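# Reading the structure
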Amino acid sequence: MADGRRLECGTRKHLGSKGTDKVTSTRQTVGHGLPIEVKFGYSGALKLGRFVHVAGQLARDRDGVQVPGPLAVKLEIAYDNVASLLAKLGLSMTAVIQAQIHVTAPLPRSLETVAEVSARRLSLPATALTILEVAGLNDPDGLVEISAVGRADTEASGEQNVMAEGLRCHSLSNSFAARLGAADVVCWGDQIFVSGQMAVDASGNLLHAGAIDAQFGAALDRVDQALRQVDSSISR
């Protein structure tokens with residue numbers, strides 16, 4: 001992977017209880033060819049079955065150096081790095097159905113910038129989106145890291161988000177994701193992705209200020225509401 005080439009890992013088979021072959025799956029990994037990928041032994045993206053999983057991408061250039069600039073610039077570079085990995089797998093950014101963004105820039109002050117750039121780079125109505133403020137990232141001057149999950153059968157040349165057959169997307173009333181134009185829940189195949197949920201009521205007002213245990217329960221209730229939109233629940 002040091003040279004950034006695709007690695008074909010072939011088809012894996014395992015034996016069932018009676019010695020017969022069970023489900024097979026093909027793994028394909030790609031990377032940027034950076035020394036850090038070799039050092040820690042990870043792949044930038046993994047294509048497995050109907051899904052592709054993209055590891056957290058920072059605003060690094062081709063040499064692995066953090067690109068200087070404000071949050072908006074770093075967001076674009078991080079998204080470029082996600083797009084680069086998807087392209088190596090024959091996919092485009094329209095494949096993304098779940099994205100998680102970590103920022104060190106304080107929320108909610110930086111939220112407008114994150115939302116503006118994300119609206120340009122993602123098909124938000126078909127994406128479960130979570131934005132988190134963190135204390136720090138691997139690069140001391142890093143401001144953002146983006147990880148993603150995508151549909152592995154999306155054409156790389158697709159410039160428009162054509163809703164795939166079987167893709168189910170729903171939003172909750174006054175949710176954080178809905179305010180950004182994203183979905184609260186996305187169901188593709190046998191996988192369900194839920195956007196980050198907050199302890200808010202149906203009007204979007206914060207509940208149980210200062211009580212973390214009560215807020216945790218209220219946020220779980222919102223997760224359950226999202227899951228029920230695709231005929232599931234926390235208990236299932």
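Residues numbered from 1 in each chain as written. Predicted model: local features only at pLDDT ≥ 70, side-chain atom pairs only at ≥ 80, totals over all residues. Heavy atoms only, no water.

### Some thoughts on the overall build of the chain
Here is the rule we go by: Each helix is a run of H or I in the DSSP string that is no shorter than four residues. Each strand is a run of E no shorter than two, and both are numbered from the N terminus. Residues count as neighbours in contact if any of their non-hydrogen atoms are within 4.5 Å of one another. Surface exposure here means Shrake-Rupley accessible area, sampled with a 1.4 Å probe, where a residue is shielded only by the protein chains that are shown.
For the chain, the count of helices and strands is five helices and 10 strands. Sequence-distant contacts, at least 24 apart, represent 63% of the contacts inside the chain between residues at least 6 apart. Entry remark: accessible area of the chain is about 12,400 Å², with carbon and sulfur atoms responsible for 52%.

### Brief notes about the nonpolar core
Inclusion rule: Put simply, a nonpolar core is a bunch of buried Ala, Val, Leu, Ile, Met, Phe, Trp, Tyr and Cys residues held in one set by side-chain atoms that sit within 4.5 Å of each other. The buried label applies to any residue whose accessible area, calculated with a 1.4 Å probe on protein chains only, is under 20% of its type's maximum; exposed applies above 50%, and partly exposed to all values in between.
Of all hydrophobic cores here, the largest spans 34 residues; its most connected members are Leu 75, Leu 86, Ile 101, Leu 122, Leu 129, Val 144 and Ile 146. Looking at this core, the elements that each hand over two or more residues are strand S4 (51-58), helix H2 (71-88), strand S5 (96-103), helix H3 (111-121), strand S6 (128-133) and strand S7 (144-151). Here the element with the most residues in this core is H2; it accounts for seven residues. Setting aside anything within four residues of it in sequence, one finds Ile 101 in contact with Leu 75, Tyr 79, Val 114, Ser 118, Leu 129, Thr 130, Ile 131, Leu 132, Val 144, Glu 145 and Ile 146. Listed in part, the 11 residues of the second largest apolar core include Phe 51, Ala 126, Ala 128 and Val 186.

### Quick look at the pairing of S4
Consecutive side chains of a regular strand alternate in pointing toward one face of the sheet and then the other. The cut-off we apply is this: Between any two strands, at least two bridges found by DSSP are needed for them to pair.
As judged from the four bridges shared by strand S3 (residues 45-48) and S4, these two strands associate in the antiparallel manner. Counterpart to Ala 45 in the pairing with S4 is Val 54. Here S3 folds back onto S4, and the loop between the two strands holds two residues, one of which, Gly 49, carries a positive phi near 65°. Both S4 and S7 contribute to a ladder of six bridges, which runs antiparallel.

### Some remarks on the packing of aromatic side chains
Going by this rule: Pairing of aromatic side chains here covers Phe, Tyr and the six-membered ring of Trp, requires ring centres within 6.5 Å, and sorts the geometry by plane angle: under 30 degrees stacked, over 60 edge-to-face, intermediate tilted. Ring-over charges, as used throughout, are those where CZ of Arg or NZ of Lys falls within 6 Å of the ring centre and within 35 degrees of the ring normal.
In this structure the tally under the stated criterion is one aromatic pair. Lying across the ring of Trp 188, Arg 50 places its NZ or CZ 4.3 Å from the centre. Over the face of the ring belonging to Trp 188 we find Arg 151, whose NZ or CZ atom lies 5.3 Å from the ring centre.

### Description of unusual backbone geometry
With an omega of 5°, the peptide bond between Leu 107 and Pro 108 qualifies as cis. If you check the backbone angles, Asn 174 has positive phi at about 60° while not being a glycine. Within the secondary structure, Asn 174 sits in the loop between strand S8 (168-170) and helix H4 (176-179). At Asp 231, a residue that is not glycine, the phi angle is positive and equals roughly 60°. For Asp 231, the position within the fold is in the segment after helix H5 (212-228).

### Thoughts on the pairing of strand S10 (residues 191-194)
Across four bridges, the pairing between strand S9 (residues 185-188) and S10 is antiparallel. Across the sheet, Trp 188 pairs through a bridge with Gln 191, a residue of S10. The hairpin turn running from S9 into S10, its antiparallel successor, is two residues long, and Gly 189 in that turn takes a positive phi close to 65°.

### Looking at the packing of H2 against H3
Quick note on the threshold: Convention adopted: a line fitted to C-alpha atoms gives each axis, helices being fitted over their contacting stretch, and angles between N-to-C directions are expressed from 0 to 180 degrees. Throughout, the term roughly parallel applies to angles under 35 degrees, roughly antiparallel to angles over 145, roughly perpendicular to angles from 65 to 115, and oblique to all others. The hand of a helix crossing depends on one turn: near helix anticlockwise from the far one by less than a right angle means left-handed, and clockwise means right-handed. Polarity classes work like this: nonpolar for Ala, Val, Leu, Ile, Met, Phe, Trp, Tyr, Cys and Pro, charged for Asp, Glu, Lys and Arg, and polar for all others, with Gly in that last group.
Two elements in contact, H2 and H3, have axes whose closest approach is 10 Å; the angle formed by their N-to-C orientations is 30°. One finds that H2 runs roughly parallel with respect to H3. Between H2 and H3 lies a crossing of right-handed hand. Residue-level contacts link Leu 71, Ala 72, Leu 75, Glu 76, Tyr 79, Asp 80 and Ala 83 of H2 to Thr 113, Val 114, Val 117, Ser 118, Arg 120 and Arg 121 of H3. Of the residues in the contact of H2 with H3, the class split is seven nonpolar, two polar and four charged.

### Re H5
We count it as follows: Given the number of residues in a helix, its expected span is that number minus one, multiplied by 1.5 Å.
Over its 17 residues, H5 runs 24 Å from end to end, which matches the ideal 24 Å to within 8%, given 1.5 Å per residue. Inspection of H5 places Ala 218, Ala 219, Arg 222, Asp 224, Ala 226 and Leu 227 among the buried residues, and these make up the whole buried set. Here the buried face of H5 lies against S9 and S10.

### As for a nonpolar patch on the surface
Applicable threshold: Surface patches are defined over residues having more than 30% relative accessible area and no salt bridge, joining like charges when they lie within 9 Å and nonpolar side chains (Val, Leu, Ile, Met, Phe, Trp, Tyr) when within 5 Å. Any carboxyl oxygen of Asp or Glu within 4 Å of a side-chain nitrogen of Lys or Arg constitutes a salt bridge here.
A cluster of nonpolar residues, Phe 216, Leu 220 and Ile 234, forms a patch on the protein surface that exposes about 300 Å² of accessible area. Secondary-structure assignment places Phe 216 in helix H5.

### A few points about the environment of Gln 229
Note that Gln 229 resides in the segment after H5. Looking at Gln 229, the relative accessible area reads 35%, which means it is partly exposed. Taking the C-alpha atoms as reference points, Gln 229 and Arg 168, 61 residues apart in sequence, are found 9.1 Å from one another. Residues within four places of Gln 229 in sequence aside, it is in contact with Arg 168, His 170, Leu 172 and Val 185.

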